[in-house]
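Given next are the chains, with one letter for each unit.
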Amino acid sequence: MAGVAADAVASTAEDREPQREAMPGLESQRRQIENSESGRERPLQAGESWFLVEQHWYKQWEVYVQGGDQDSSTFPGCINNAKLFEDQVNWNLKKGLVEGEDYVLLPAAAWHYLVSWYGLKHGQPPIERKVVELPGIQKVEVYPVELLLFQHSDMGTPHTAQFSHTDSLDLVLHTARERFLASPQEETRLWIKHSDGSFERLCNTHVTVLDARLKTGQVIVMETRNKDGAWPSAKQYVMKSVSKEDEDFQGQPGVCGLTNLGNTCFMNSALQCLSNVPQLTEYFLNNRYLEELNFCNPLGMKGEIAEAYADLVKQAWSGHHCSIVPHVFKTKVGHFASQFLGYQQHDSQELLSFLLDGLHEDLNRVKKKEYVELCDAAGRPDQEVAQEAWQNHKRRNNSVIVDTFHGLFKSTLVCPDCGNVSVTFDPFCYLSVPLPVSPKRVMEVFYVSMDPRRKPEQHRLIVPKKGKISDLCVALSKHTGVQPDRMMVADVFSHRFYKIYQLEDSLNSILDRDDIFIYEVSARAGTGEGIREDVVLPIYLRERSPARDFNSSYYGLMLFGHPLLLSVPRDRLTWDALYHILLYRLSRYVARPSSDDEDDGDEKGDTENKGSIAKSGQTAGGSLQDPGPEQAGPSSGVVGRNRAPADNSPGPSNWPQRSRRKQLFTLQTVNSNGTSDRMTFSEDGHAQPYIAIDWEPEMKKRYYDEVEAEGFVKHECVSYVLKKAPVRLQECIELFTTVETLEKENPWYCPNCKQHQLATKKLDLWMLPEILIIHLKRFSYTKFSREKLDILVEFPIRDLDLSEFIIKPRSESDPDLYKYDLIAVSNHYGGLRDGHYTTFACNKDSGQWHYFDDNSVSPVTEDEVESKAAYVLFYQRQDVARRLRSQPDLSGPPEPPACGSPPSSESMDVN
């Protein structure tokens, strides 16, 4: 038997691993394989390797070692797993194998012991499997996930590949690139194709197959980016030229327009500015962003904003497009920032702020932000506090956006009561600098004289921004010669008085778009002690028209023309007198009828018409500042369109019956809107009387000249152009660093006083970034007014020196840290309610300036860049520009890193 065993050992020598280790004793073998820390009894640990051994061979080995005779005929020979494989070509494992019946599992150490002692059948691969940690359990993954790999351009040819649940998607992508022979320069990404035919991006390739929930039989598609920078799946959004040679189009990289999707010029302008920041564009073109995508940041957008922006940059800088459609990017922005949903006009600076913040969080190298307590200076040196603040900022925020755009300024708050000084250093991404605001304001008004022969005059008046209505009257008085106390100011809207102002009212309540009329009234209705001799009545014009209903006796009334403020002598306050006064005031555009036309009334009507409008016992004295009953309504003003002002004027019961005599028009008391008869009101006697002139259509057509009624003349002051002196950019920055007092809505809590204080605040620049973004605050919003400041801000194209504004002590070795050159400008043309955004930008490769107007791009000279439309300025620090010029061209994507090796910062990883 010993000879048989020896022959068996000799016959299998060729099948065993060469140079096997000396075989220990059988009992020692049994302990090492089954009972020791490296044996079968050891617990599973996630990620470690275990090996399959065919059950029959292992049982034979157990019999052999338990027999205690090394020369026994039960010697198992070399390890042979042939029964576990379907074939001996692809060495695929048979389906349905059961542990304990078909195979046993051994840890790596025990497997290597057996191989070193007995060897492995020649040509057979070891069956290595990983321990995976599933929810609540750890197990050896005997059957890995088998995926079907397809190429986007060839969905008919599958390639099968097996992966462990613990393998990363990086390995899946690397395997797909090898199978489909992707060149190192090609950029690729993976998609899952679901059973319903839909596709889902595998964005984060650093997760495992298990985390991605991939299962056996899943279809994985590899997509390769086109040479024009677009992905085939997004090709439908790329604008094509009308020429057939569009795919062969080759232009200057970066000189590419963006299609306006509908009021998206604000987005196009911000994107063009950011696209022409050299170091940021190189960062994306060289695919350095792929290794820094942060998919787990709760403050980020799961990398989607960064990827969408990267796709846009790659297309714009491919040189294969004259214009592209940013539809995908617009959709992503709207998804994560609901204020940008739809197609309303927005602010380019607001979009820029969102985009920089979104890119920063998507590319933040800090995966888990630690809590950092903000500390006050507490008397420590500025340099120490500033360094601590910057380090704390970098502990939570570390990205290419921070490297490129973030600076540091010093904030000093001083309590006005106790004098406590608080100093903090805060990071900034851009500077929003105020523009010097003129204390004056230009207002356009229409002056209506008491002389009926004179047409209304349009005037352009210069008044204090924080002035009163009285200032407006004083300014008009200089043009007309009429005393301010003989003027009344009203806001006219839709043929009625929206508001009649008092002299003490603020001009802030008047918007530029309001139609302001200033009426001359009688001096006897002006200010002064005693009783007014005249009453000022608001007059409306209405036209009767048959209403569209079954009651033919009902007439509708429509307001038309411009209303009037009419001075009526108190002693002539009768309907007949008022009728003739109105005929006189309207004589410029209302023809006086002949005597035959009027001689249709009866004597009774004439008798009734002699009654006074107001009872003789009613007083009419007072002034504009202290209005009497008849005057109180117009001077106090109509505070709402559906509300009549209240005063002590006589009510409808005090008005006599109107004449039934045939006239050009009839007179009717109405409410402040001119829409209803005062007779239907509750007669409380406290509503200002408004008078409506009601016209029959035929009489209006015959006697009322609409063209003449709408006519007006322009005073010579309208032709004057108020020249606004330009300001220098340095003046705006100086204003930014000026001491200011906090507003009541934003007080500061003084830790010394233990209460909120209106402290003084001063901002100083401490450290400036590589790219300095300066936002010119052209839009001014207050409680009553909104305006755009369209003054010219003079800014240098080259050599912007900000050293005078830096308070950080500096050495002589860094004089260029505060000198900047302009690289891009976002422009805004138009006003507040409508406008258009464009861009001036300097191409990083050619140095040529271009004008980007949505999908139109044209070259310009440096002299054309400065304009009153400049809104956001992009400056590049000169030392950074020199550093970038000295670097080699890295625009071509380098070869992706080898599988398993950490990618370098200059390598292209595929997503």
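Below, the structure is looked at part by part. Given the structure is predicted, the values throughout are model-derived calculations rather than measurements. (Residues numbered from 1 in each chain as written. Predicted model: local features only at pLDDT ≥ 70, side-chain atom pairs only at ≥ 80, totals over all residues. Heavy atoms only, no water.)

1. Let's talk about the sheet that holds strand S15 (residues 440–448)
With mixed pairing, the six strands of this open sheet are ordered in space as S18-S17-S19-S15-S16-S24. The open sheet is flanked by strand S18 (496–500) and strand S24 (713–714), the only strands paired with a single partner. With four bridges joining them, strand S17 (residues 487–493) and S18 adopt antiparallel strand pairing. Looking at S18, one finds that valine 492 is bridged to phenylalanine 497. The sheet contacts of helix H13 (residues 469–480) involve S15, strand S16 (457–464), S17 and strand S19 (515–520), and relative to S16 the element is tilted by about 130 degrees. (Pairing = 2+ DSSP bridges. Helix = DSSP H or I, 4+ residues; strand = E, 2+ residues; numbered from the N terminus. Contact = heavy atoms within 4.5 Å. Axes fitted to C-alpha atoms, helices over the stretch in contact; angles between N-to-C directions.)

2. Topic: the pattern of salt bridges
Within the structure shown, the criterion is met by 34 salt bridges. Notably, a salt bridge pairs arginine 454 with glutamate 457, separated by 2.9 Å at the nearest N-O pair. By relative accessible area, arginine 454 is classed as partly exposed at 35%. Accessibility expressed as a relative area gives 14% for glutamate 457, which makes it buried. For arginine 883, the salt bridge is made with glutamate 770, and the minimal N-O distance between the two is 3.5 Å. Linking arginine 883 in helix H21 (residues 878–886) with glutamate 770 in the loop between strand S29 (760–767) and strand S30 (771–777), this pair joins segments that are 113 residues apart in sequence. On the basis of relative accessibility, which here comes to 36%, the residue arginine 883 falls in the partly exposed class. Connected through salt bridges with shared partners, the residues Glu187, Arg225, Asp311 and Lys314 form a single ionic network. (Salt bridge = Lys/Arg side-chain N within 4 Å of Asp/Glu carboxyl O. Buried < 20%, exposed > 50% of the residue type's maximum accessible area, 1.4 Å probe, protein only.)

3. A short note on the packing of helix H7 (residues 278–285) against helix H8 (residues 304–316)
Close contact between H7 and H8 brings their axes to 9 Å; oriented N to C, the two are set at 100 degrees. With respect to H8, the element H7 is oriented roughly perpendicular. Between H7 and H8, the residues in contact are Leu280, Thr281, Phe284 and Leu285 and Ala306, Tyr309, Ala310, Val313 and Lys314, respectively. A breakdown of the residues in the contact of H7 with H8 according to their chemical character gives seven nonpolar, one polar and one charged. (Parallel < 35°, antiparallel > 145°, perpendicular 65-115°, else oblique. Nonpolar A, V, L, I, M, F, W, Y, C, P; charged D, E, K, R; others polar.)

4. Side note on a negative patch on the surface
On the surface, Glu731, Glu734, Glu794, Glu804 and Glu866 cluster together into a negatively charged patch. In this structure, glutamate 731 sits in helix H20 (residues 729–736). We classify glutamate 731 as partly exposed; its relative accessible area is 33%. (Patch = residues over 30% accessible without salt bridge, like charges linked within 9 Å, V, L, I, M, F, W, Y side chains within 5 Å. Areas by Shrake-Rupley, 256 points an atom, 1.4 Å probe, with all protein chains shown as cover. Lys, Arg positive; Asp, Glu negative; His and termini not counted. Charge placed at Lys NZ, Arg CZ, Asp CG, Glu CD.)

5. Topic: helix H2 (residues 26–35)
Three or more residues of H2 are buried, namely Leu26, Gln29, Ile33 and Glu34. One side of H2 holds all its buried residues, which, seen down the axis, span an arc of 95 degrees. Tucked into the core, H2 has its buried residues touching helix H3 (55–67), strand S2 (103–107) and helix H4 (108–118). (Arc of directions from axis to C-beta.)

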